[in-house]
Amino acid sequence: MSPPPASSFDLPSLAQAVRAISGEFSLADLQRTVVRVLQESASASYAALLGSQEGGKGWVIHCQSEGERRTPQELPASVLHGARRTLAPIVLTDASTQAPYAEDEVVRARGLRSVGCWPLIHRNLQHGLLYLENAQVTQAFDNVHQSVIEILATQAAAALANARMHQHLAEQSHAHEASRREVSATRQNLRDFIDHSPAAIYVKDREGRIILANKGLGAALGLPSSSLVGRKNSDLLEPEYAAKLAENDRRVLTTGASIEVEEEVRVHGQTRVFLSSKFPLRGDDGSVTAICGISTDITDRKRAEATLQRLNEELEQRVAERTEQLQAAHRELLERARHAGMAEIATSILHNLGNALTGITVSGTVLRERLQALPIGSVGRAAALLDRPLEELGTFLTQDERGRQVPEYLSKLHTRLSEERQALLDECAVLSTKIDHANSVITTQQSYARSRISQSERTQLRELVEDALRLCALGEPYDRLIQREYGEEEPEFYERHMIVQILVNLISNAKNAVRERPDNSQPRITLSIRQDERWTVVSVSDNGIGFDEDVKPRLFTHGFTTRAKGHGFGLHSSALSAESLGGRIEAHSDGPGQGAQFSLHLPREQPQA
C-alpha cells in the first residue's frame, strides 16, 4: 500500500512509510523502496539514491525512479557537492533563480525548479545522498514535506546501514562457509592423499609417540594404521632397529634440520630398507613440536642395485678378459700382417735385385765374348812374319809384298785393339755401377733387417723416403720417372723401420700401376712431402691404372688386391702399421686410367722420455 500524498500526510501514514523502509533487509530491495517511498511522499517527479565512488572522486547512482536512466553527470553537481560538503540538506524552492545553483549547467538545461538533496547520515557516517526534484513546480518541498523527508531520510540511513551490515555479515558467513567447506575438502583430500600414498607417512611428538599414521605405515609394519597412534618405535620394532630410528628422530629434534637417511626395519623376520625423509614441525613460537617422516620402501631397488652391481662387475671382468683376447689377437694379426708385408717387400726386392743381377750377368757375358773376339791370333801371325834375322828384316819389309803390308796391318790392328779396349772399359764401368747399385740395396735391406725392435729417431722424413727408394731397387727406366717435391720440413721423431716398410709398399704399388698401363706415353711417379702444425704427410702419386671409387673401401682389407699376381698383404699391413703409429693412409683416384695417390699422415708429436 503506497503512502498518501504529503498534503494529507498523518502519523499513521508516516508510520506505514517507516515500516515499509524498515521491513526490507535486502540492500537492493531497500534502495528501491527508499526511492519509491520518498518520491511518493514528497510528490517528486524524479528521485535518486547516490553513493560515492571509491576514492571519493565521483558519484554512482545506486537506484533511481522507475523508467529513468540518468547518469551522475545529468544531475546538478553543485547541489550534490554542496550537500556532501556541508552534511546538511539543500532545499531549493526555485533553482533557476537561486545563486549559485542557477548557474549549474544541468539546472539551466533542464529548467529545474524545486530541488532537494539530503545526506543520509547514521552514527556520524554518511551512507549516501537522497536527491529529489520537481522540474515544473516551485516550492514543491515545503516545510511539511521537508519534515517528513528528513524523518524518512533518517530512517533510510539507518536501514541502509543495517542492510549493508546485514549484507556484509551474510557475505562473511557465506565466505566462512565456503572456506570451511574448502578446508574440509582439502583436509579430506590430504587425508586421502596420505592414506593412499605408497610411502609410509607419519607424525611423532617430541617423546617419539605416533600422533598420525597412514595406511602405508601400517602396511609396512603389518598392523592397522589406527592401532599405531600413541605407540613408540620400541613398542613396534626390535630394540636394535628401534634405537637406530630413535637416533635419527633425535637428530631432527635437536638440530631442527631436515635429513634424508636409509633405515632398516625388521618385520616378521624380513629386513626391509626404507629411504626416509624427516623434517621438523614447528609451533607458533618457532619451536620444534613434532617431526614428520615420509619413508619409501626401497628394498627391491637395493636388491636390484646389488644384482646390477654384481652383473656389472662380472661384465667388466668379461670385458677385460675379452679385451685382452682381442688385443692379443690384434697383436698377432698385426705381427702376421707385418711379416706378410715384409715377405711381399722381400719378394719385390729380390725380384728387383734379380733384374739388377741379370744386367750384371749380361755385362759379364758381353765382356767374355768381346775378350774372346780380340784378334790375338793376328798379332801372333804378324810377329811370325817379323821373326827373321835383323839383316833380312829390312829386305823383307821393303822388297817382299807381304813385308810391305805389315806396317799398315799393325796400324789397323792397333786401332781395333784400342777400340776394343775402350768398349771393355765402358762395359766394366756399367758392370761396376750395377754392382754398386745391388750392394746399396743389399746394404740398406740388411740395415733394416737387423732392426727387429721399434726404434724412434729424430730425422727428416725425406731421408726415409730415399731409403725406401734404394730398397725398391727400381733401376732403369723407373729411376728416370721419379719426381721429388720436398717442401720445408722440420725433423721429427719417426719409427724408421715401420715407416720405410710402408713407403716401400706404396712406391712398389706405384711402380706396378705405371707398368701395367701400356698406353702411358709419359709415365710418372711423384714423391711429395708437406708439413703443417699437426701432421707430416708424404704422398706417392702416379699416373698409372688408378681404381674405381667402389674399390676404395676395400683397398686396405686383408687379401684384397687389384693385381693379377698380388697377395693383398702390402696395403693391409701398411694400414695397420700407420694406425699403430697414430697416423693413417688415405687413397684417392679420379678413376681407372687416371692414376692414384696414396698419402701417409704421421702425427707431429714428441715421444715420451
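Residues numbered from 1 in each chain as written. Predicted model: local features only at pLDDT ≥ 70, side-chain atom pairs only at ≥ 80, totals over all residues. Heavy atoms only, no water.

Digging into the overall build of the chain
Broken down by element type, the chain carries 15 helices and 17 strands. Relative to its full complement of 609 residues, the chain shows a buried share of 40%. Restricting to contacts in the chain with at least 6 residues of sequence separation, those with at least 24 account for 59%. Entry remark: accessible area of the chain is about 35,100 Å², with carbon and sulfur atoms responsible for 52%. (Helix = DSSP H or I, 4+ residues; strand = E, 2+ residues; numbered from the N terminus. Buried < 20%, exposed > 50% of the residue type's maximum accessible area, 1.4 Å probe, protein only. Contact = heavy atoms within 4.5 Å. Areas by Shrake-Rupley, 256 points an atom, 1.4 Å probe, with all protein chains shown as cover.)

Comments concerning the pairing of strand β6 (residues 200-205)
For β6, the buried fraction is high: six of the six residues fall into the buried class. In this sheet, strand β10 (residues 288-297) lies alongside β6 in antiparallel orientation, the contact comprising six bridges. Paired with A200 across the bridge in β10 is S295. For β6 and strand β7 (residues 210-213), the ladder comprises three bridges, and the chain directions are antiparallel. Residue pairing in the sheet places V203 in a bridge with L212 of β7. Adjacent in sequence and paired antiparallel, β6 and β7 are bridged by four residues, among which G208 carries a positive phi angle near 90°. (Pairing = 2+ DSSP bridges.)

Points about the sheet that holds strand β12 (residues 482-486)
Pairing is mixed across the open sheet formed by five strands, whose spatial order is β12-β14-β15-β17-β16. The open sheet is flanked by β12 and β16 (584-588), the only strands paired with a single partner. Put simply, the sheet's adjacent strands are angled 15° from each other on average, direction ignored. Along the sheet, helix α14 (residues 496-515) contacts β14 (525-531), β15 (535-542), β16 and β17 (596-603); its crossing angle with β15, the most-contacted strand, is approximately 25°. Strand contacts of helix α15 (residues 570-580): β16 and β17, with the helix running at about 135° to β16, the strand carrying the most contacts. (Axes fitted to C-alpha atoms, helices over the stretch in contact; angles between N-to-C directions.)

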